[in-house]
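Here are the chains, one letter per residue:
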Amino acid sequence: MPGNEVVQYLLFAPSSEFASIDAIVFLEPSVEGFTKGPDGSLIFPQMMPEEGHWYNSIISEKIRDLPETCAMRDGRKWKRIPHIVLTKHGRRWEAYDGLDVEYVLDVTERMLFQGFATPFTWNKIEQIVNQFHRRAMAEYERVGFLVTVDRGLYRVRRAFRKKNSNESDFYFGGKDRRRFHGFVTIGRESDGADYQAWLFEQLLNDPEAGEREFHRFFEEHSDFLSEAMMGVPISHRPYFPSNKQTPDFAVSPILPRDSGEWVKLLELKGPEASVLASKRYLHRGLAPALTQALAQVNDYEESLRDSLNLKDIEKALGYIPASAQRAVLIGRTPPREDTSLWEKRKAEQPSVRIITYDELLQDQRDRARRRRR
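Residues numbered from 1 in each chain as written. Predicted model: local features only at pLDDT ≥ 70, side-chain atom pairs only at ≥ 80, totals over all residues. Heavy atoms only, no water.

Caption draft 1: How the structure looks around the packing of helix α5 (residues 190–204) against helix α6 (residues 211–220). It is at 11 Å that the axes of α5 and α6 come closest, and there the two elements cross at 170°. One element, α5, and the other, α6, form an angle in the roughly antiparallel class. Only Glu213, Phe214, Phe217 and Phe218 of α6 make contact with α5, whose side of the interface consists of Gln196, Leu199, Phe200, Leu203 and Leu204. (Axes fitted to C-alpha atoms, helices over the stretch in contact; angles between N-to-C directions. Helix = DSSP H or I, 4+ residues; strand = E, 2+ residues; numbered from the N terminus. Parallel < 35°, antiparallel > 145°, perpendicular 65-115°, else oblique. Contact = heavy atoms within 4.5 Å.)

Caption draft 2: Structural context of the sheet that holds strand β11 (residues 262–268). Spatially, five strands are ordered β9-β10-β11-β12-β13 in an open sheet, and the strand pairing comes out mixed. Each edge of the open sheet is held by one strand with a lone partner, namely β9 (232–235) and β13 (352–355). Ignoring which end each strand starts from, the neighbouring axes of this sheet average 25° apart. Pairing of strand β12 (residues 323–329) with β13 involves four bridges; the strand directions are parallel. Residue pairing in the sheet places alanine 327 in a bridge with arginine 353 of β13. Helix α7 (residues 222–229) rests against β9, β10 (249–252), β11, β12 and β13 of the sheet, and its axis sits at about 125° to β9. (Pairing = 2+ DSSP bridges.)

Caption draft 3: How the structure looks around helix α11 (residues 357–372). Here α11 spans 23 Å end to end across 16 residues, near enough to the 22 Å set by a 1.5 Å rise per residue. Buried within α11 we find Tyr357, Leu360, Leu361, Gln364, Arg367, Ala368 and Arg371. Along α11, the residues classed as buried sweep out an arc of 125° about the axis, all on the same side. (Expected span 1.5 Å × (residues − 1). Buried < 20%, exposed > 50% of the residue type's maximum accessible area, 1.4 Å probe, protein only. Arc of directions from axis to C-beta.)

Caption draft 4: Geometry of the side chain of histidine 215. Residue placement: histidine 215 occurs in helix α6. Looking at histidine 215, its side chain comes within polar contact range of the side chain of serine 235, at 2.9 Å. Excluding residues that lie within four positions of it along the chain, histidine 215 makes contacts with Ser235, His236, Asp248, Phe249 and Leu268. (Polar contact = N/O pair within 3.5 Å; in protein donor to acceptor, adjacent residues only side chain to side chain.)

Caption draft 5: Structural detail: the nonpolar core. Counting 25 residues, the largest nonpolar core has Val263, Leu290, Leu317 and Val328 as its most contacted members. Of all elements in the fold, only β11, α8 (288–304), α9 (310–317), β12 and β13 reach the threshold of two or more residues within this core. It is α8 that contributes the most residues to this core, six residues altogether. Setting aside residues no more than four positions away along its own chain, leucine 317 makes contact with Phe18, Ile234, Ala250, Ser252 and Val263. (Core = buried A, V, L, I, M, F, W, Y, C linked by side-chain atoms within 4.5 Å.)

Caption draft 6: Seen up close, the environment of tyrosine 195. Along the chain, tyrosine 195 turns up in helix α5. Taking relative accessible area as the criterion, tyrosine 195 reaches 15% and is therefore assigned buried. In contact with tyrosine 195, not counting residues within four places along its chain, are Asp150, Arg151 and Leu153.

Caption draft 7: Local environment of unusual backbone geometry. For the bond running from arginine 237 to proline 238, omega is -5°, close enough to zero to count as cis. Mapped onto the elements, proline 238 comes out in the loop between β9 and β10. Not every positive phi belongs to a glycine, and lysine 244 is a case in point at roughly 55°.

Take a look at the structure:
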């Protein structure tokens, strides 16, 4: 996000209350020296590193001075989340003296955006965020939450509300939009990601666990679904008054910024549901449960465009989405002999992402393995 937009966005954009951000990272201006334009003339760098850091420090200070009520969808105050400065010059810049910032030294934008190909930068950012979560746990307890740190998972559960005690240094309860049915994971370390995968696998191997149990799991461990869907999962929202329907999850951007944003509509079916029709059919298609789920997400997308639903959609998401993506989570991955058929049938539904629980678990394991690398 361009630096000159950040503070104005946080102060005046209603959608900033629907964001879910763990840290604000300031990039050092990229200076490769002089370059030549199409006509052969020299183009000077727009901003040198020292000038850029002074510019970023002003933004950081303004964010720290935001009102106490300026908070995200989980009640965290924007002014208190970590500020991280990336610099490739191996030094801490005096521009940030007196400001509460953390540094990641000797990195470049290329290293950052290559992601897990060069994981040092991301691991360092994750360590800083986890330190923030550890400090925040005591604050949660003070405003009426039960807190627990178990095997790398930071979890909270609403216990009670004391009069005038729903605000702390980092938390403003009046903006908390979460649905608490039990403990909710607010952060995790690498061990926590492994533990989450183990919990999911145990649930997956429980013959008594169905759609309801997995929906509850995703409500308690929203980051598990968030990473798979690349967004913020919102349980049973939005509600469509026109037909009295609601998707299992709507997945919104982590930083909704304007009316052109997308939304992902996710329908859940249990892992026991079949994904392919019986082998007794000559032309095996998708199983009835999956066909029904596809119809449901198609209906949800149509409901997004119904003017009778717009008020409730904006209340749930903070914006009116310009486009929708559809997804279905259902069943187990078919056996090896059905792999070609399964891929063929999924390809026949190009507008809907079809995911099995096994694929979701493997995706989580792959991310955990990259974290440890």
